[in-house]
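Examining the three-dimensional arrangement
In case you want the letters, here they are:
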Amino acid sequence: AYQIDKSRIMKKAVYDKKAKNRLRSANIAYRKKIFDVESFNSKLKGLQEPEFHERLFEKGYKMKFDPSVYVYHKRRNSLKEIFFQIYRNGKAKIDLIKLHPRMVSIIDILPILYVIVFLNLAYFTLAESNWNFLRIWLTATALYILLKPLTYLLKIEDIKKYYMHLILIVFVREVAYALGILSGLPRLLK
């Protein structure tokens, strides 16, 4: 999972909106006085930092993401831990979208579209007894799972060493996020 973050490293500092979208809970520093006027949303069960940053950004606070500042922290060290963290993030993203609808992205919509298309293809395949559509869909899914890790690895030095691990991690992350989004969806509709 570290290799995924490593592949996303930027060369120079970015500010404001670009910084807001890059800041994560493992590498944030705030001026103390900010907490005199703002605080984290205690009602959220996850993704408090992106929601906090969205509010700060809306109120005109300045933000900076500096890739030259290194932060060391403990990573989740099993697929099970990664799965549950990403699942919780997917579920929490629904609450975040309820508060700030403009924070929805294509990444949040794709799991829902994927399931809808998959279920329609499965129904059509069974109704027509034609397995070609389902084979094409499953092949496209497999290609995605195999090729997405390459996009990370092309940005780092040792392409062969981590590829098999990244396939598994990407698969676990995609499934966990999709399930999290889908399980949180009923809360969005309330």
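Please read all numbers here as calculations on a predicted model, not as lab measurements.

Rules behind the numbers
- As a convention, each chain's residues are numbered from 1 in the sequence order in which they are written.
- Given that this is a predicted model, residues contribute local features only at a pLDDT of at least 70 and side-chain atom pairs are listed and counted only at 80 or more, while totals for whole chains, interfaces and linings are drawn from all residues.
- The side-chain numbers reported here are obtained from all heavy atoms of the structure, hydrogens and water having been left aside.
- Only Phe, Tyr and Trp rings take part, Trp by its six-membered ring, and two of them pair if their centres are within 6.5 Å. Stacked means planes under 30 degrees apart, edge-to-face means over 60, and tilted covers everything else.
- Relative accessibility decides the category of a residue: with a 1.4 Å probe and only protein chains considered, values under 20% of the type maximum give buried, values over 50% give exposed, and everything between is partly exposed.
- Helix and strand assignments come from DSSP, with helices taken as H or I runs of at least 4 residues and strands as E runs of at least 2, each series counted from the N terminus.
- Throughout this description, the term charge over a ring refers to an Arg CZ or Lys NZ atom that lies within 6 Å of the ring centre and within 35 degrees of the ring normal.
- Each axis is a line fitted through C-alpha atoms, taken for helices only over the stretch in contact, and angles between the N-to-C directions span 0 to 180 degrees.
- Note on terminology: angles under 35 degrees are roughly parallel, angles over 145 are roughly antiparallel, angles of 65 to 115 are roughly perpendicular, and the others are oblique.
- Whether two residues touch is decided by their heavy atoms; if any such pair falls within 4.5 Å, the residues are in contact.
- Three categories are distinguished: nonpolar for Ala, Val, Leu, Ile, Met, Phe, Trp, Tyr, Cys and Pro, charged for Asp, Glu, Lys and Arg, and polar for the others, with Gly belonging to the last.

Before going further, it helps to examine the packing of aromatic side chains. Per the counting criterion, the structure on display carries ten aromatic pairs. Taken together, a centroid distance of 6.0 Å and an interplanar angle of 40° make the contact between Phe35 and Phe40 tilted. Overall, the relative accessible area of 39% leaves Phe35 in the partly exposed class. Taking the centre distance of 6.3 Å and the plane angle of 5° together, the rings of Tyr114 and Phe118 count as stacked. Highlighted residues: Tyr114 and Phe118, both in helix α5 (residues 106-128), separated by four residues, approximately one helical turn. Looking at Tyr114, the relative accessible area reads 32%, which means it is partly exposed. Above the face of the Phe57 ring, Lys20 is positioned so that its terminal group lies 5.4 Å from the ring centre.

Viewed as axis vectors pointing N to C, α5 and helix α7 (residues 163-189) meet at an angle of 85°, and their least axial separation amounts to 9 Å. Considering their axes alone, α5 and α7 lie roughly perpendicular with respect to each other. Contact with α5, carried on its side by Ile107, Asp108, Pro111, Ile112 and Val115, involves Tyr177, Ala178, Ile181, Leu182 and Leu185 of α7 and no other residues of that element. Looking at the contact of α5 with α7, its residues break down into nine nonpolar, no polar and one charged.

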